[in-house]
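If you want the building blocks of each chain, they are given just below.
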Amino acid sequence: MDLKEIREQAKEKLKGFCRVCPVCDGLACAGEVPGMGGVGTGRAFQENLKALARYKLNLRAIHAVREPILESELFGIKVSMPVFVAPITGTTYNMGGALTEEQYALAVVEGSRLAGTLAFTGDGADPTMYGSGLKAIQKEHGQGIPVIKPRAQEEIIKRIKEAEEVGAIAVGMDIDGAGLLTMALKGQPVSPKTFTEIKELVDSTTLPFILKGIMTPDEAELAVEAGVKAIVVSNHGGRVLDETPGAAEVLPEIAARVKGKVTILADGGVRSGVDVLKLLALGADGVLIGRPLIVAAFGGGALGVKVYLEKIAKELREAMLLTGVATVKGVPATVIWKG
Ligand SMILES: Cc1cc2nc3c(=O)[nH]c(=O)nc-3n(C[C@H](O)[C@H](O)[C@H](O)COP(=O)(O)O)c2cc1C
């Protein structure tokens, strides 16, 4: 199964919900939330790609790098590359329902394992969402990371315990989901959290706790202070607040403040191995990919996910070779052309 076949299949399966554009850039689907787009004008989604595109790479070929090392780790788990599947839910209302939540979660968790890396799974108003992710993670012996919505504290702690029970390697919260009306409408309110509340969640578990949806250096520092083990610099794929900058835009100032104190992950608009290299050079320790993996999972299941992730690995390897980067651990900022 190749990427062309996967995309053709996905076009059928996602009909009416995703156009499977040549480049997934948020233009055709602007405002389609529910759906695959960005909220409002759609510009926050588009800005993720634009921000990445503003950075250019320095081509270097006078050096001794021959076999760039992509292997990395997350919380002590070895991975084939620091690229992970982003948490995604809502297969019926966002993607048309050709895959159930459970089938989708299985496809990404299994597919990422086949590619030697890890998937995050999500949470939503329907209980099958969080539960499907947990089921898939349990099936893959804990090799996955569930991400919980910023619900009431006791509801989050309950779900953290469930994550512990299936042996998940870590657990997270997408704090940027704090304004989601869909959750409130279904009687499961979400809200922003105070520093003390975040600390309570961190202290409630021995699992590494991840905070997803950090977009400013001050909040990154608060996360560190609360004992969070990893942050995800992310505007939620532009789906929660219109007119937010791209993740690649804010990443350098966040990294300047907290690099080395917390694992820095980032997502939004990553579409190639070159994009991965850019985010690593801008200060990320790892990168998440969202929508292209929806296309991969709908178009080819776990195998589709594997094929897509392997494409990214190949591109990353080539980009490292031609920028003189020996290993993904510590990609120098000098990879980025300053103009
Ligand atoms: C349809 C859809 C559903 C999503 N569901 C979740 C979710 O349940 N939890 C979460 O933390 N993020 C969710 N996200 C955000 C992604 O995890 C990720 O931050 C974003 O998609 C990255 O941008 P990209 O799609 O441009 O790669 C969702 C995104 C999309 C497109």
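Up top is the structure these notes are about.
Calculation notes
- Each chain has its residues counted from 1, following the order in which its sequence is written.
- Only residues with pLDDT of at least 70 get local features here, since the model is predicted, and only at 80 or more are side-chain atom pairs given and counted; chain-wide, interface and lining totals rely on the full set of residues.
- Only hydrogens and water are set aside when side-chain values are computed; all heavy atoms of the structure are taken into account.
- Any Phe, Tyr or Trp ring, taking Trp's six-membered ring, that has another such ring centre within 6.5 Å forms a pair; planes under 30 degrees apart are called stacked, those over 60 apart edge-to-face, and the others tilted.
- Only runs of H or I of at least four residues qualify as helices and only runs of E of at least two qualify as strands under DSSP, and these elements are numbered from the N terminus.
- Throughout, exposure labels follow a simple rule: accessible area from a 1.4 Å probe, protein chains only, divided by the maximum for the residue type, with under 20% read as buried, over 50% as exposed, and the rest as partly exposed.
- Angles run from 0 to 180 degrees between N-to-C directions of axes, and those axes are lines fitted to C-alpha atoms, restricted for helices to the stretch in contact.
- Roughly parallel covers angles under 35 degrees, roughly antiparallel covers those over 145, roughly perpendicular covers 65 to 115, and oblique covers all other angles.
- The hand of a helix crossing depends on one turn: near helix anticlockwise from the far one by less than a right angle means left-handed, and clockwise means right-handed.
- Here, residues are in contact when the closest pair of their heavy atoms is within 4.5 Å.
- A patch is a set of surface residues, each over 30% in relative accessible area and not in a salt bridge, joined within 9 Å for like charges and within 5 Å for the nonpolar side chains Val, Leu, Ile, Met, Phe, Trp and Tyr.
- Residue burial considers only the protein chains on display, and all accessible areas are found by Shrake-Rupley using a 1.4 Å probe.
- Within this document, salt bridges are pairs made up of a side-chain nitrogen of Lys or Arg and a carboxyl oxygen of Asp or Glu, the two lying within 4 Å of each other.
- Two strands make a pair as long as DSSP finds a minimum of two bridges between them.
- Crossovers are described as right-handed under a simple rule: with the strands pointing away from the observer, the path leading from the first strand over the helix to the second runs clockwise.
- As used in this record, nonpolar core signifies buried Ala, Val, Leu, Ile, Met, Phe, Trp, Tyr and Cys residues forming a set joined through side-chain atoms within 4.5 Å.
- When at least one non-hydrogen atom of a residue lies within 4 Å of a molecule or strand, that residue is treated as near it.
- Polar contact criterion, stated in full: a pair of N or O atoms within 3.5 Å, where within protein one must be able to donate a hydrogen and the other to accept it, and residues adjacent in sequence count only if both atoms are side-chain atoms.
- Only Asp, Glu, Lys and Arg are considered charged in this grouping, and only Ala, Val, Leu, Ile, Met, Phe, Trp, Tyr, Cys and Pro are considered nonpolar; every other residue, Gly among them, is considered polar.
- Cysteine sulfur atoms are paired as a disulfide whenever they come within 2.5 Å of each other.

Focus on the packing of aromatic side chains
Point 1. The final tally for this structure, using the stated rule, is two aromatic pairs.
Point 2. Each ring, one from Phe84 and one from Phe120, has its centre 6.3 Å from the other, and the planes form 75°; the classification is edge-to-face. Pair noted here: Phe84 is in strand E4 (residues 83-85) and Phe120 is in strand E5 (residues 120-121), with a separation of 36 residues, a long-range link. The pair formed by Phe84 and Phe120 is uniform in burial state, with each residue classed as buried.
Point 3. With a centroid separation of 6.3 Å and 40° between ring planes, the pair formed by Tyr104 and Phe298 is classed as tilted. Here the residue Tyr104 occupies a position in helix H3 (residues 101-114), and Phe298 occupies one in helix H11 (residues 291-321), the gap between them amounting to 194 residues.
Point 4. For Tyr104, a relative accessible area of 2% puts it in the buried group.
Point 5. For Phe298, a relative accessible area of 2% puts it in the buried group.

Quick notes on the packing of helix H1 (residues 3-13) against H11
Point 1. Between H1 and H11, whose axes approach to 9 Å, the crossing angle comes to 150°. The pairing of H1 with H11 is recorded here as roughly antiparallel in orientation. Considering how the two elements wind past one another, H1 and H11 form a crossing that is left-handed. Across from Leu3, Ile6, Arg7, Gln9, Ala10 and Lys13 in H1, the residues of H11 making contact are Val295, Ala296, Phe298, Gly299, Gly300, Gly304, Val307, Tyr308 and Lys311.

So, a nonpolar patch on the surface
Point 1. On the surface, a nonpolar cluster with roughly 290 Å² of combined accessible area is contributed by Leu59, Leu321 and Leu322.
Point 2. Inspection of the secondary structure assignment puts Leu59 in the loop between strand E1 (56-57) and strand E2 (72-74).

Let's talk about the pairing of strand E10 (residues 263-267)
Point 1. Of all five residues in E10, four are buried; the element is thus mostly enclosed.
Point 2. In this structure, strand E9 (residues 230-233) lies alongside E10, joined through four bridges in parallel fashion. Looking at the pairing, Val232 lines up with Leu265 of E10.
Point 3. For the crossover from E9 across helix H9 (residues 247-258) to E10, the handedness is right-handed.
Point 4. This β-α-β element, E10 to helix H10 (residues 273-281) to strand E11 (residues 286-289), shows right-handed connectivity.

Points about the nonpolar core
Inside soluble globular proteins, nonpolar side chains tend to come together where they are buried.
Point 1. Counting 88 residues, the largest nonpolar core has Leu14, Phe209, Leu211, Ile231, Val233 and Leu279 as the members making the most contacts within it.
Point 2. Top element by residues in this core is H11. It accounts for 14 residues.
Point 3. Each residue touching Leu279, except ones within four places of it in the same chain, is listed here: Leu52, Ala248, Leu251, Ala266, Val270, Ala284 and Val287.
Point 4. If you look at the next biggest cluster of nonpolar residues, it comprises 15 residues, including Phe84, Val147, Ile169 and Leu265.

Some remarks on the site of the ligand
Point 1. Neighbouring the ligand are 23 residues, the closest being Pro87, Thr89, Asp267, Arg271 and Arg291.
Point 2. With respect to the ligand, the side chain of Ser234 contributes an N or O atom lying 3.5 Å from an oxygen atom.
Point 3. Between the ligand and His236, the relevant distance is 3.3 Å, taken from a nitrogen atom to a side-chain nitrogen or oxygen of the residue.
Point 4. In the complex, 98% of the free accessible area of the ligand, which totals 610 Å², lies under the protein chains.
Point 5. When grouped by side-chain class, the residues that make up the shell around the ligand number six nonpolar, nine polar and eight charged.

Overview of the environment of Pro332
Point 1. Relative to the elements of secondary structure, Pro332 occurs in the loop between H11 and strand E12 (336-337).
Point 2. Of the residues examined, Pro332 reaches a relative accessible area of 36% and is grouped as partly exposed.
Point 3. As a C-alpha pair, Pro332 and Ala247 span 85 residues in sequence and 19 Å in three-dimensional space.
Point 4. For Pro332, the residues in contact, after removing those within four places along its chain, are Ala281 and Val325.

Regarding the sheet that holds strand E8 (residues 209-214)
Point 1. What the eight strands build is an open sheet, ordered E4-E11-E10-E9-E8-E7-E6-E5; its pairing is parallel. In this open sheet, the two edge strands, each paired with only one partner strand, are E4 and E5.
Point 2. Pairing geometry for strand E6 (residues 145-148) and strand E7 (residues 171-174), over two bridges, is parallel. Bridge pairing in E7 links Ile148 to Met173.
Point 3. Helix-sheet contacts for helix H4 (residues 127-139) involve E5 and E6, and the interaxial angle to E6 is about 165°.

Structural notes on the state of the cysteines
Point 1. Inspection of the entire model under this criterion finds zero disulfides.
Point 2. Between Cys29, a cysteine without a disulfide, and Cys24, which holds the nearest cysteine sulfur, the sulfur-to-sulfur distance is 6.4 Å.

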